[in-house]
Amino acid sequence: MWIKTLSGGSCNTTASPKFISIIQQLYDNSSCQVVHNGELMDTFQVQTSVHQGCSLSPTIFLLVVDWIMKQATSDKKTGIQWTFTKQLEDLDFADDISLLSHRHQDSQEKLSRLAEEAGKTGLNINTKKTEVMRINNKKQDPITLHDEDLNEVEKFVYLGSVVNKDGGTDEDIKSRINKARHAFNTLRPI
């Protein structure tokens, strides 16, 4: 599915057609054989699009996620003011994505666009793992996805750092000290 997406099945990317063709040829018409009880079994076709464990898989995934984010956020101006002329729409690292907005309505619309664009590539947002944090927001209507209210939190961990509502760093520093203490204690017997 991701190769089809990159090659124009549902997205327009700047990836070179030659590059896409090479990747497609790597995955198209793949077959395998299994050794069972010392005997080589019959050949069978591989039905998946991206091979688990292939070194290209993370790169292809990142290209697809980058396309999804561009489709969901470009030309919308629903992020937070970053510079005088630019807005920061999201923070993302691999599949860890934080959507940023000033208004409840913008957050809801951005999440809905993200889910729609992700769905075009066969990716889905896990509502059980998705959390919402409001900072200085008076509107208390829930953010929903697929008619399900998302869990609202006072703090969350993003890329190992504790982000909390009050914007302070005390909790993050305590967490890092505890992690270091644990690492030293596990090394103590050495």
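Structure: see above.
Rules used in this analysis
- Residues numbered from 1 in each chain as written.
- Predicted model: local features only at pLDDT ≥ 70, side-chain atom pairs only at ≥ 80, totals over all residues.
- Heavy atoms only, no water.
- Helix = DSSP H or I, 4+ residues; strand = E, 2+ residues; numbered from the N terminus.
- Buried < 20%, exposed > 50% of the residue type's maximum accessible area, 1.4 Å probe, protein only.
- Contact = heavy atoms within 4.5 Å.
- Areas by Shrake-Rupley, 256 points an atom, 1.4 Å probe, with all protein chains shown as cover.
- Expected span 1.5 Å × (residues − 1).
- Arc of directions from axis to C-beta.
- Core = buried A, V, L, I, M, F, W, Y, C linked by side-chain atoms within 4.5 Å.
- Salt bridge = Lys/Arg side-chain N within 4 Å of Asp/Glu carboxyl O.

Here's the deal with the overall build of the protein
When you go through the protein residue by residue, the secondary structure sums to five helices and 14 strands. A total of 190 residues make up the protein; the buried ones form 28% of that total. Sequence separation of 24 or more characterises 43% of the internal contacts of the protein that already satisfy a separation of 6 or more. Surface exposure of the protein reaches about 13,500 Å², of which carbon and sulfur atoms provide 53%.

Description of helix 3 (residues 57–73)
The end-to-end C-alpha separation of helix 3 is 24 Å, in line with the 24 Å expected for 17 residues at 1.5 Å each. Inspection of helix 3 places Ser57, Ile60, Phe61, Val64, Val65, Trp67, Ile68, Met69, Ala72 and Thr73 among the buried residues, and these make up the whole buried set. Phi turns positive one or two residues past the end of helix 3, at Asp75, with a value near 60°.

Concerning helix 2 (residues 17–27)
Turning to helix 2, its buried residues number three or more, namely Ile20, Ile23 and Tyr27. In an axial view of helix 2, the angular spread of the buried residues amounts to 65°, which keeps them on one side of the axis. Exposed residues pointing more than 90 degrees away from the buried face of helix 2 are listed as Pro17, Lys18, Ile22 and Gln25. Of the residues flanking the end of helix 2, it is Asn29, one or two places downstream, whose phi is positive at about 55°.

Section: the nonpolar core
Among the nonpolar cores identified, the biggest contains 13 residues, and Tyr27, Ile60, Ile68 and Leu114 are the most heavily contacted of them. Looking at which element gives the most residues to this core, the answer is helix 3, with eight residues. Once you skip the residues sitting within four places of it in the chain, Ile68 turns out to touch Leu114, Glu117, Ala118, Thr121 and Leu123.

With respect to the pattern of salt bridges
Across all of its chains, the model carries nine salt bridges by this definition. Two residues, Lys128 and Glu148, come together in a salt bridge whose shortest N-O distance is 3.0 Å. Remark: Glu148 occurs in strand 11 (residues 148–149) and Lys128 occurs in the loop between helix 4 (104–120) and strand 9 (131–132); sequence separation between them is 20 residues. Among the residues examined, Lys128 registers a relative accessible area of 68% and is labelled exposed. Among the residues examined, Glu148 registers a relative accessible area of 29% and is labelled partly exposed. Measuring nitrogen to oxygen at the nearest pair gives 3.6 Å for the salt bridge that ties Lys165 to Glu154. With Lys165 in the loop between strand 14 (161–164) and helix 5 (170–187) and Glu154 in the loop between strand 12 (151–152) and strand 13 (155–158), this pair connects stretches of sequence that are 11 residues apart. A relative accessible area of 53% places Glu154 in the exposed class.

Without other data, these values stay purely geometric and don't point to any function.
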